[in-house]
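# What the coordinates show
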Amino acid sequence: MRKLLLIGLFSIVSFNAYAQEDNTEYEMRIGEKPGYIIDKSGKKIEGIVRLAGDEMNPWTNQKKVKFIATSDVDNSKKKQKFKTYDVDDLKGYMAIDNNTERVFETIKYTNTKEAYNTQNGGLSGGLKAFNNLTKSNQFAEVVADGKIKVYKVYGFPTTFSAGGQIAVADEENKRMRENPAYVYSKKGGKPEELNVAKAKIITADCPVVKAKVTKGEYGSLKNDTKKRSGLGKFIRNEIDNAMADNFSIVNEVIYDYNENCK
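Now for a look at the structure at hand.

### A word on the environment of Val208
Structurally, Val208 is set in helix α5 (residues 207–215). Judged by its relative accessible area of 33%, Val208 falls in the partly exposed class.

Pasting the structure below:
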């Protein structure tokens with residue numbers, strides 16, 4: 001049975017927060033979604049969210065978001081004036097996208113691995129490294145919530161490519177788009193990259209999960225080690241981590257942990 005991510009699903013019948021006494025209401029435009037922001041003081045402000053990123057540029061959602069509070073909506077206007085917030089302005093935000101509550105929280109995480117994972121050389125590769133090493137604070141999307149919280153984090157692409165580097169940069173962006181990192185935080189601790197080794201360690205204090213790991217019941221933690229038995233332990237572990245389907249680890253192992261060891 002497929003396990004679902006711990007993301008709330010909502011059936012939105014109508015968005016009536018902006019109704020006035022004359023029963024008129026603002027009709028949201030394409031890209032505008034009901035949601036809220038959480039300011040630095042922890043206050044939740046409801047309104048309309050406009051996601052900065054999309055399927056082609058999901059990493060942009062980690063840098064900024066556009067928002068207008070319910071109290072600032074002018075129902076007489078078809079187009080509203082949104083304010084842009086970045087990670088230094090908010091603790092997080094939420095947008096209901098395709099009937100799914102997408103929650104983004106501000107975390108401090110430097111994507112060192114993606115900074116140096118590049119096929120581009122010269123200025124292009126250097127800018128990609130710079131973009132990932134300097135953007136430590138970012139809005140990360142929550143994909144599992146509980147004692148162990150997991151975030152989906154995309155690497156930031158290069159901001160420059162020319163000549164023969166353009167095709168390489170496009171291919172690299174496609175890879176990053178399809179292969180986000182999964183970052184965990186246990187009991188509010190420092191966010192770290194999730195992998196097979198870490199998944200086993202951070203869930204070892206949960207008897208239910210530990211028993212399943214011992215019995216080999218999690219398909220996401222299984223790797224073909226027979227062909228790699230002659231490799232050194234460090235190299236073998238690195239290969240195991242690279243081959244891991246971390247999305248499945250979240251759905252299987254982390255899900256079980258949060259459900260059984262709260």
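### Digging into the nonpolar core
Ranked by internal contacts, the top residues of the largest apolar core, which has 20 residues, are Ile148, Val150, Leu194, Leu221, Ile249, Val250 and Ile254. When contributions to this core are tallied by element, the ones reaching two or more residues are β7 (137–144), β8 (148–153), β9 (181–186), α4 (196–202) and α7 (246–260). Among the elements that make up this core, the one with the highest residue count is α7 (five residues). Excluding residues that lie within four positions of it along the chain, Ile254 makes contacts with Ala144, Ile148, Val150, Leu194, Ile202, Thr203 and Ile249. Counting residues in hydrophobic clusters, the runner-up holds 13 residues, among them Ile37, Phe67, Tyr93 and Phe104.

### Observations concerning the sheet that holds strand β4 (residues 83–86)
The antiparallel open sheet is built from ten strands, whose spatial order is β4-β3-β2-β1-β5-β6-β7-β8-β9-β10. Strands with a single pairing partner mark the edges of an open sheet, and in this sheet they are β4 and β10 (192–193). Along the sheet, α7 contacts β7, β8 and β9; its crossing angle with β8, the most-contacted strand, is approximately 160°.

### Examining the packing of α5 against α7
Two numbers describe how α5 lies on α7: the axes approach to 8 Å, and their chain directions differ by 150°. Contact residues: α5 offers Val208, Val209 and Lys212, while α7 offers Val253, Asp256, Tyr257 and Asn260. The residue inventory of the contact of α5 with α7, partitioned by class, reads four nonpolar, one polar and two charged.

### Some points on the packing of aromatic side chains
Counted according to the given criterion, the structure contains four aromatic pairs. Centre to centre, the rings of Tyr93 and Phe139 are 5.1 Å apart; their planes meet at 85°, and the pair counts as edge-to-face. A residue pair is termed long-range when its members are at least 10 positions apart, and Tyr93 in strand β5 (residues 90–97) and Phe139 in strand β7 qualify at 46 residues. What links up through ring pairs into an aromatic cluster is the set Tyr93, Phe104 and Phe139. One Lys or Arg, Lys44, reaches over the ring of Tyr36 and ends 4.5 Å from the middle of that ring.

### Section: the pairing of β7
Burial analysis of β7 places seven of its eight residues in the buried class, which makes it a mostly covered element. Alignment of strand β6 (residues 100–108) against β7, held across five bridges, turns out to be antiparallel. By the bridge assignment, Thr106 is partnered in β7 with Phe139. Pairing analysis gives three bridges linking β7 to β8, with the strands arranged antiparallel. In the sheet register, Glu141 faces β8, and the bridge partner there is Lys152. Two successive antiparallel strands, β7 and β8, enclose a turn made up of three residues, where Gly146 displays a positive phi of approximately 155°.

### Some thoughts on the pattern of salt bridges
Any two side chains of opposite charge can pair if their charged atoms end up close together. A full pass over the atoms with the stated rule returns 14 salt bridges. The closest approach of N and O atoms between Lys128 and Glu114, which form a salt bridge, is 2.6 Å. Taken together, the positions of Lys128 in helix α2 (residues 122–134) and Glu114 in helix α1 (residues 112–115) put the pair 14 residues apart, joining distant regions of the chain. Among the residues examined, Glu114 registers a relative accessible area of 9% and is labelled buried. Here Asp205 ties to Lys186 by a salt bridge, and the two come within 3.2 Å at their closest N and O atoms. Taken together, the residues Asp205 in the loop between α4 and α5 and Lys186 in strand β9 connect sequence positions 19 residues apart. Given the relative accessible area of 23%, Lys186 is considered partly exposed.

### What about the state of the cysteines?
If you walk through the whole model with that rule in mind, you get one disulfide. A sulfur-sulfur distance of 1.9 Å marks the disulfide that ties Cys206 to Cys261. Between Cys206 and Cys261 the sulfur-sulfur dihedral comes to about 80°; the bridge is accordingly right-handed. A residue pair is termed long-range when its members are at least 10 positions apart, and Cys206 in the loop between α4 and α5 and Cys261 in the segment after α7 qualify at 55 residues. Considered together, Cys206 and Cys261 belong to a single accessibility category, that of buried residues.

Rules used in this analysis
Residues numbered from 1 in each chain as written. Predicted model: local features only at pLDDT ≥ 70, side-chain atom pairs only at ≥ 80, totals over all residues. Heavy atoms only, no water. Helix = DSSP H or I, 4+ residues; strand = E, 2+ residues; numbered from the N terminus. Buried < 20%, exposed > 50% of the residue type's maximum accessible area, 1.4 Å probe, protein only. Core = buried A, V, L, I, M, F, W, Y, C linked by side-chain atoms within 4.5 Å. Contact = heavy atoms within 4.5 Å. Pairing = 2+ DSSP bridges. Axes fitted to C-alpha atoms, helices over the stretch in contact; angles between N-to-C directions. Nonpolar A, V, L, I, M, F, W, Y, C, P; charged D, E, K, R; others polar. Phe/Tyr/Trp six-rings, centres within 6.5 Å; stacked < 30°, edge-to-face > 60°. Lys NZ or Arg CZ within 6 Å of the ring centre and 35° of its normal. Salt bridge = Lys/Arg side-chain N within 4 Å of Asp/Glu carboxyl O. Disulfide = S-S within 2.5 Å.

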